[in-house]
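So you can see what is in the structure, the chains are spelled out below.
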Amino acid sequence: MHVISNEMIRQTFNATKPAANCTRRFSRQSAVILKKRCAPRVESLLASFSSVVLKPNLIVYNSTYRNDEYRCFSSESTRGDDVSNLTNQLVDFFEEPITFLASESSTKQLPVETILVYDEHLLQVLSKGKVSKDGGDEFGLATKAAHSSAITWSELIRHLVTWCRKDAGGMTICEAPMLAVLAFAPLLVHGGVAYLMNLDEHYWRGTPSFYDIVQSAVGRKDDEKLTRRERLHLYSLGYLFQNEHAKALSILSKILEIFPGDALALSFAIDIAEVLGDEKSAFRCATSVASYWNERSQRSAIGGTVIAGHSIGSSLIAVGLASGGRNREAESMAERVLTMDVSGFSGIAAMALAKVYSAEGRASEGASTFTGYGVEYYDSCGYLFLDSKMGGIGAKFIMNRDGANADRVALRLYDEHFSRIIEYSGYDGGQNGSVVIRRRPSKTSKILLETATGAVTSLFDRLFGKNSNSVDESNMMQGNHAKDEIELMEDAIIKESEPRTIEDILTWLPPTVSVLVDATFLLFRLTVSGAINAGDSRWHKLGLAWKHIYDIEAKHGRNADENDQRVLFNHAPLARVASALLLDNDTIGQRDNKVSRKIEQAARKLGQLMNIKRCSTDDQNNVKDEWAEIVRLLDEVRTGWARCSSCTAQPMNQLLNDIDVDGMVLQSFIEHAICHAATQAGDYDSLCVARSICSESVTLRANSPENWHRYGVILEKLGDTDNARNAFHASVSLGIGEGGRVGS
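Rules behind the numbers
Residues numbered from 1 in each chain as written. Predicted model: local features only at pLDDT ≥ 70, side-chain atom pairs only at ≥ 80, totals over all residues. Heavy atoms only, no water. Helix = DSSP H or I, 4+ residues; strand = E, 2+ residues; numbered from the N terminus. Buried < 20%, exposed > 50% of the residue type's maximum accessible area, 1.4 Å probe, protein only. Contact = heavy atoms within 4.5 Å. Areas by Shrake-Rupley, 256 points an atom, 1.4 Å probe, with all protein chains shown as cover. Axes fitted to C-alpha atoms, helices over the stretch in contact; angles between N-to-C directions. Parallel < 35°, antiparallel > 145°, perpendicular 65-115°, else oblique. Left-handed = near helix turned anticlockwise from the far one by under 90°. Nonpolar A, V, L, I, M, F, W, Y, C, P; charged D, E, K, R; others polar. Polar contact = N/O pair within 3.5 Å; in protein donor to acceptor, adjacent residues only side chain to side chain. Salt bridge = Lys/Arg side-chain N within 4 Å of Asp/Glu carboxyl O. Core = buried A, V, L, I, M, F, W, Y, C linked by side-chain atoms within 4.5 Å. Phe/Tyr/Trp six-rings, centres within 6.5 Å; stacked < 30°, edge-to-face > 60°. Lys NZ or Arg CZ within 6 Å of the ring centre and 35° of its normal.

In this section: the overall build of the protein chain. Per the secondary structure count, the protein chain includes 29 helices and nine strands. A burial count over the protein chain gives 58% of its 744 residues as buried. Residue pairs in contact within the protein chain that sit at least 24 positions apart in sequence constitute 68% of those at least 6 positions apart. Summing over all exposed atoms, the protein chain offers an accessible surface of approximately 30,200 Å²; the carbon and sulfur share of this is 49%.

Here you go:
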């Protein structure tokens, strides 16, 4: 499996040569075992090299050695000639120690074999799936991206299971706890503990369960045989296991202070900060290690950097800098990564560029990058749906640039990146509410081959002309292709009585909370811009998906706030806001003094008044007052002060800022919600609030056609027709079409 490029190997392994006195050979029997088990993977990783020596504690393959013997390096002296006498602390791709608390697994696998599997998936996690394209394309390119990540992910979990054993009391004991961190921490970050338990109950059904593995790994957090870094990672995993993401982020910040080269900790910290809506923490974590990575960016004569995987560190730091508003530095770092390492970590660098373009209102560049030539940066990042997230960002950029002209494109992107996930998982109610599991794709795709053939035929038709019969045949072929795709997806469903593999499950993961958040805010944007109405079937399917997630969270989630009140989605504030648009359930307790509470109240009213929840308003006489109330709530969020209902100019008490309202996701939602509600309310105070929002937008993001169009709409409502006309002209001059519709 080719997951490491030749350039990366040169950068990582050629810089250091181990001393002769720190090496020892395996016994002949052990060498044969290693050669038989590991040679294919090692030769794949080190393809095109005749003599490569890895750094201490890693397996070494050198074809110039007699009999192709394998070596293992150890910093500690060993006695005898048996493998069990060697230290069980190896180093990963980034030279971070990984401890194995037993000499071999239950299936007689050696630590040196497992560390190779660990390294393969480590690069997948950090690149969000970009470094491998080994997945099958039977069900399309999006599924291929997810399958590519599932291959290494499932292999890691298989190895992890063999490093777990039962004690005399039947309790699971994990002998390789860092493997559990890499395998399951990302699931807990994006889905929460309820998501993990749902996989156990309805998908995996194996032994030991995912829950037991994580619990046993967390139980090792005070084991003195582990390094300090590993123990801290396990403490962070324990907090994630309790849905206490903020505490986990605090632990990761401490790891980065002590071990600034820990790329895994930096990646987890950036992801958790995004789930929490905590842009400041992402910025702080990135800047705390930026100088360390920058000092090691010097390149040698052969082009290698001092630190392995320097591109991933630079990409993550760029994301953190963009989160903190340091756009120029973030853009420079991201573009440098994209220039040097497009095939490796471009997905993370593209995320940094998305934040930069959004903050500066560069709609045209964003649309071109994320819906045009830049799709290659992230289209194979199928690990935990990053490709879908980036596709949704592209849809927002193209709406900013083209406005009403972008309706069809934006809807296509929504269907491609979000509807697909909701439908294949059965969360749309299409399979009578039952859990849907499909088999992993094969390596070839009949549909893709037929589509390619049709594309060639279409090319010749355009060059040499075509008659009506060819048009009919083309339409018939397209209809057959659509039918074939549906039949193929139906045939891939694994029945309840049939066996399923980890690879099947991880290829067709159900949507996480993070995915539904992105889908909800994009669909809201499409609705207020007039592309669809609240009665669209997409809203109905998304509501069913949220109801499914809500039931899982209520059943399995560990949710309590500081006052021990029942709080669903306590680990994901953005999820509480997004779900409030579609669900009537009150996901929180009485916490009116928090910023997130105000946004949730506004979102709940929006869902009712826009009829997204498919419920009519009882008192039609007070509808305008309700719209004005939404503006008031969101204005309190912006100012940070709760105001008296009778006198909106009088502040009552200061709100507790538990969520960053200036982030890329929430800022856009609040701006569009205020302007839409103000145009519906029509009162002067609400329109003045909307005008101030629009003034801020066109000042800070003057290149966005959509911002100018929205400003023109508000000015027109206020009676300032001359300046409204100027704003409309600016919108048209900056974009291909107008920036949006009335109410957008």
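Here the focus is the packing of helix α21 (residues 513-528) against helix α23 (residues 573-580). The contact between α21 and α23 brings their axes to 9 Å, and the two run at 45°. For the element pair α21 / α23, the angle class is oblique. As for the relative orientation of α21 and α23, their crossing is left-handed in sense. Contact residues: α21 offers V513, V517, T520 and F521, while α23 offers L574, A575, V577 and A578. Its residues placed into classes, the contact of α21 with α23 shows seven nonpolar, one polar and no charged.

Below, the discussion takes up the packing of helix α12 (residues 310-323) against helix α14 (residues 342-360). Where α12 contacts α14, the axes come no closer than 8 Å and their chain directions differ by 15°. Regarding the angle of α12 to α14, the classification is roughly parallel. Once α12 is placed against α14, the crossing between them reads as left-handed. Across from S311, I312, S315, L316, A318, V319, A322 and S323 in α12, the residues of α14 making contact are F345, I348, A349, M351, A352, K355 and V356. The residue makeup of the contact of α12 with α14, split by class, is eleven nonpolar, three polar and one charged.

Note on helix geometry: an α-helix contains 3.6 residues per turn, so any two residues three or four positions apart are oriented the same way. With respect to burial, helix α6 (residues 193-204) is a largely interior element, nine of its twelve residues being buried. Of the residues making up α6, those classed as buried are V193, A194, Y195, L196, N198, L199, D200, Y203 and W204. Here the buried face of α6 lies against α5 (177-191), α7 (210-218), α8 (228-241), α20 (502-507) and α22 (537-556). R205, located one to two residues past α6, shows a positive phi value of around 60°.

Looking now at unusual backbone geometry. With the exception of glycine, the majority of residues adopt a negative phi angle, and the majority of peptide bonds are in the trans configuration. The residue after T207, namely P208, is reached through a cis peptide bond having omega -10°. As for its position among the elements, P208 is in the loop between α6 and α7. Phi at K108 takes a positive value of approximately 65°, unusual for a residue other than glycine. Relative to the helices and strands, K108 is located in the loop between β5 (97-99) and α3 (111-127). Unlike most non-glycine residues, F385 shows phi in positive territory, near 70°. Note on placement: F385 falls in the loop between α15 (363-371) and α16 (386-402).

By the secondary structure assignment, E706 is in helix α28 (residues 705-717). Here the side chain of E706 touches R710 through a polar contact of 2.7 Å, side chain to side chain.

Time to look at the pattern of salt bridges. Scanning the model with the defined rule gives 42 salt bridges in all. Salt-bridge contacts for R158 lead to E503; the nearest nitrogen and oxygen are separated by 3.9 Å. With R158 in helix α4 (residues 141-162) and E503 in helix α20, the pair connects residues that are 345 residues apart, well separated along the chain. Exposure remark for R158: the relative accessible area of 34% places this residue in the partly exposed category. For E503, a relative accessible area of 12% translates into the label buried. For the salt bridge of R220 with D223, the shortest nitrogen-to-oxygen distance reads 2.8 Å. Both residues of the pair, R220 and D223, count as buried. One network of salt bridges, with partners in common, ties together E155, R158, R440, E503 and D504.

Formed by 208 residues in total, the largest nonpolar core has its most connected members in Y118, F184, L542, W546, I599 and F669. Excluding residues within four positions of it along the chain, I599 makes contact with V577, L634, V637, I659, V661, L666, F669 and I670.

Next up on the list: the packing of aromatic side chains. Any pair of aromatic rings gets described here by the distance separating the centres and the angle formed by the planes. All told, the structure shown has 17 aromatic pairs when counted by the stated rule. Here F521 and F669 contribute two aromatic rings whose centre-to-centre distance is 5.0 Å and whose plane-to-plane angle is 50°, an arrangement assigned as tilted. Taken together, the residues F521 in helix α21 and F669 in helix α26 (residues 664-681) connect sequence positions 148 residues apart. Judged by its relative accessible area of 3%, F669 is buried. Ring geometry for W546 against F569: centres 5.9 Å apart, planes inclined by 85°, an arrangement best described as edge-to-face. On the criterion of sequence distance, the pair formed by W546 in helix α22 and F569 in the loop between α22 and α23 is long-range, its members being 23 residues apart. For F569, a relative accessible area of 0% translates into the label buried. One residue, K221, lies across the ring of Y235, its end atom 5.6 Å from the ring centre.

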